[in-house]
Amino acid sequence: MSFSEVIGGQEPAIKVLQRSLKEGRISHAYLFIGPEGVGKRLVARILAQAINCDLSAGPAQAGRDNLDACGRCSSCRKIENFSHPDVTWVKPGGLSRRIGIDDVRNLCHQISLKAYAGRKKIFVLTEADRMTAEASNALLKTLEEPPTNSLLILLTSHPASLFPTIISRCQILRFSPLPLKEIKDHLVSKYKLPSEEAQLLSRLSGGRLGKALLLRGKTAREERKKVLDIASRTSPTDDLGELLRRAAEIGKILSDFKRRLEEKLKKETPKEQKEMFAKEQIREIKEERKAFIEGESKKKTEEVLDIIIDWYRDLLILQEGGEEAWLINSDRKEELQMKAKDVSPLRIRKNIELIEKTKQSLDHHVNLRLSLEAMMMKMQEELKDVQNNPGTITGKR
Ligand SMILES: [Zn+2]
């Protein structure tokens, strides 16, 4: 791939990079900031390719004409296959899902060596915010005195978790969500998806191509279906038992997610690695891993609640005379239309408010299932208030 093939939205970052290539003034360290799934990794890879491409004039030479990767030469292909000796990807791993001191020490050593085949030694740190404090300190030294012909590219969707001293030593490039139309067109042209499916995925993605691709997976599709089924079944006549059952169904989606994540982490950590650590270290690592799983579970809960919020927003759109083409859940049009006639806009607004509040109150230590139960019970109470005081309802109903 080349810069010219990266789909819209990232032009500002790419322009900066191409100008630097043209002037032969590539920075020694970049920090790519932006949500997950908008192309940070892709642009990092293409930058590495453009710098080391056999067919380009090279970054040290100002005034080069070819400001892109060819994508076909041996160097470009090796970088694409992760087999280029001068381009290394550092990802969080191990028992604690962290980028640790050993990873960074290794990086600092490697980066000081001469490039084997390419023009620059390039290291890409994905999820740079997962660096431990020790690792961050070690990296700072390299950032303060970067070896010539080296390049560090740090990627993050959580810049607040990085040391400010690290941020200040990098050139920052921001990546934003992509226009939905471009995601749709890309899904149709590159992945050959039917137009309707591509439309739906682009809307659900919130502008993140990576998310749209994830949503094609079986688990993601089933999860969304379950959540929407629960949201659409909720009715004014539900009794407490039914509400709790629904909260439990959502709770199950979350606990299944947690179990899958735990299993995945277990598989990724070989037994020998565990045996290398002292007991004290194991305890510390386990704590960190627990925090990681809790953080991921919280993200998942937010995702599930966002699915419900999107459902309610769609209902409001229909009630306010909006067009079908504006719906996010375009695959459930008929159901939405029926439901829109049944529920008052006031109730929907209250529900959205409650879900937003629940989202804000989630933190790493809260019991997710209890929060969901409390949320659903509050929704029901609000509903009764609305029914008992119909005079308070504004709007058509
Ligand atoms: Zn090339």
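Residues numbered from 1 in each chain as written. Predicted model: local features only at pLDDT ≥ 70, side-chain atom pairs only at ≥ 80, totals over all residues.

Quick word on the overall build of the protein chain
Here is step 1: Helix and strand counts for the protein chain come out as 16 helices and 5 strands.
Here is step 2: For the C-alpha atoms alone, the extent of the protein chain along its principal axes is close to 75 × 55 × 35 Å.
Here is step 3: Expressed as a percentage of the 397 residues in the protein chain, the buried residues total 30%.
Here is step 4: Restricting to contacts in the protein chain with at least 6 residues of sequence separation, those with at least 24 account for 74%. (Helix = DSSP H or I, 4+ residues; strand = E, 2+ residues; numbered from the N terminus. Buried ≥ 20, exposed ≤ 12 C-beta atoms within 10 Å, placed from the backbone. Contact = placed C-beta atoms within 7 Å.)

Focus on the domain arrangement of the protein chain
Here is step 1: Domain boundaries in the protein chain define domain 1 (3–174), domain 2 (179–216) and domain 3 (217–392).
Here is step 2: Look at where the C-alpha atoms of domain 1 and domain 2 centre, and you get two points 27 Å apart. (Domains from an automatic or database assignment.)

Describing the nonpolar core
Here is step 1: Ranked by size, the top nonpolar core spans 53 residues in total, and within it Phe32, Leu47 and Ile153 carry the most contacts.
Here is step 2: Examining the composition of this core, we find that 7 residues originate from one element, helix H2 (residues 40–52), more than from any other.
Here is step 3: Ignoring any residue separated from it by four or fewer positions in sequence, one finds isoleucine 153 in contact with Tyr30, Phe32, Ala44, Leu47, Ile122 and Val124. (Core = buried A, V, L, I, M, F, W, Y, C linked by C-beta atoms within 7 Å.)

A short note on the sheet that holds strand E1 (residues 29–33)
Here is step 1: Read across the open sheet, the 5 strands follow the order E2-E3-E4-E1-E5; overall the sheet is parallel. Since the sheet does not close on itself, it has two edges, and those belong to strand E2 (87–90) and strand E5 (171–174), each with one partner. If you compare each strand with its neighbour and ignore which way they point, the axes differ by 20 degrees on average.
Here is step 2: Two elements, E1 and E5, share 4 bridges in a ladder whose sense is parallel. When the bridges of E5 are listed, phenylalanine 32 appears paired with leucine 173. (Pairing = 2+ DSSP bridges. Axes fitted to C-alpha atoms, helices over the stretch in contact; angles between N-to-C directions.)

Details of helix H4 (residues 101–111)
In an α-helix, one turn spans 3.6 residues, which is why side chains three or four residues apart end up on the same side.
Here is step 1: Looking at H4, one finds that the buried residues are Asp103, Val104, Leu107 and Ile111. Relative to the axis of H4, the buried residues are bounded by an arc of 90 degrees and lie together on one face. Seen from the buried face of H4, the exposed residues on the opposite side, beyond 90 degrees, are Asp102 and His109.
Here is step 2: Buried positions along H4 lie against E2, strand E3 (121–125), helix H5 (133–144) and strand E4 (150–156). (Arc of directions from axis to C-beta.)

Observations concerning the packing of helix H13 (residues 279–319) against helix H15 (residues 345–361)
Here is step 1: Closest axis-to-axis distance for the H13/H15 pair is 10 Å, and the angle between their directions is 160 degrees. With respect to H15, the axis of H13 lies roughly antiparallel. Crossing of H13 over H15 shows left-handed handedness. Contacts from Glu302, Leu305, Ile308, Ile309, Tyr312, Leu315, Leu316 and Gln319 of H13 reach H15 at Pro345, Ile348, Asn351, Ile352, Ile355, Thr358 and Lys359.
Here is step 2: The class makeup of the residues in the contact of H13 with H15 is 10 nonpolar, 3 polar and 2 charged. (Parallel < 35°, antiparallel > 145°, perpendicular 65-115°, else oblique. Left-handed = near helix turned anticlockwise from the far one by under 90°. Nonpolar A, V, L, I, M, F, W, Y, C, P; charged D, E, K, R; others polar.)

Things to note about helix H7 (residues 180–189)
Here is step 1: Within the sequence span of H7, burial applies to Ile183, Lys184, His186 and Leu187. Here the buried residues of H7 occupy an arc of 165 degrees about the axis, which is enough to place them on one side. More than 90 degrees from the buried face of H7, the exposed residues found are Lys181 and Ser189.
Here is step 2: Lining the buried residues of H7 we find helix H8 (195–205) and helix H9 (209–214).

Quick look at unusual backbone geometry
Trans is the prevailing form of peptide bonds, just as negative phi is the prevailing case for residues other than glycine.
Here is step 1: Of note in the backbone geometry, arginine 97 takes a positive phi value of approximately 55 degrees without being a glycine.
Here is step 2: Summarising the element assignment, arginine 97 is placed in the loop between E2 and H4.
Here is step 3: We note that asparagine 149 has phi near 55 degrees; this positive angle belongs to a residue other than glycine.
Here is step 4: Relative to the helices and strands, asparagine 149 is located in the loop between H5 and E4.

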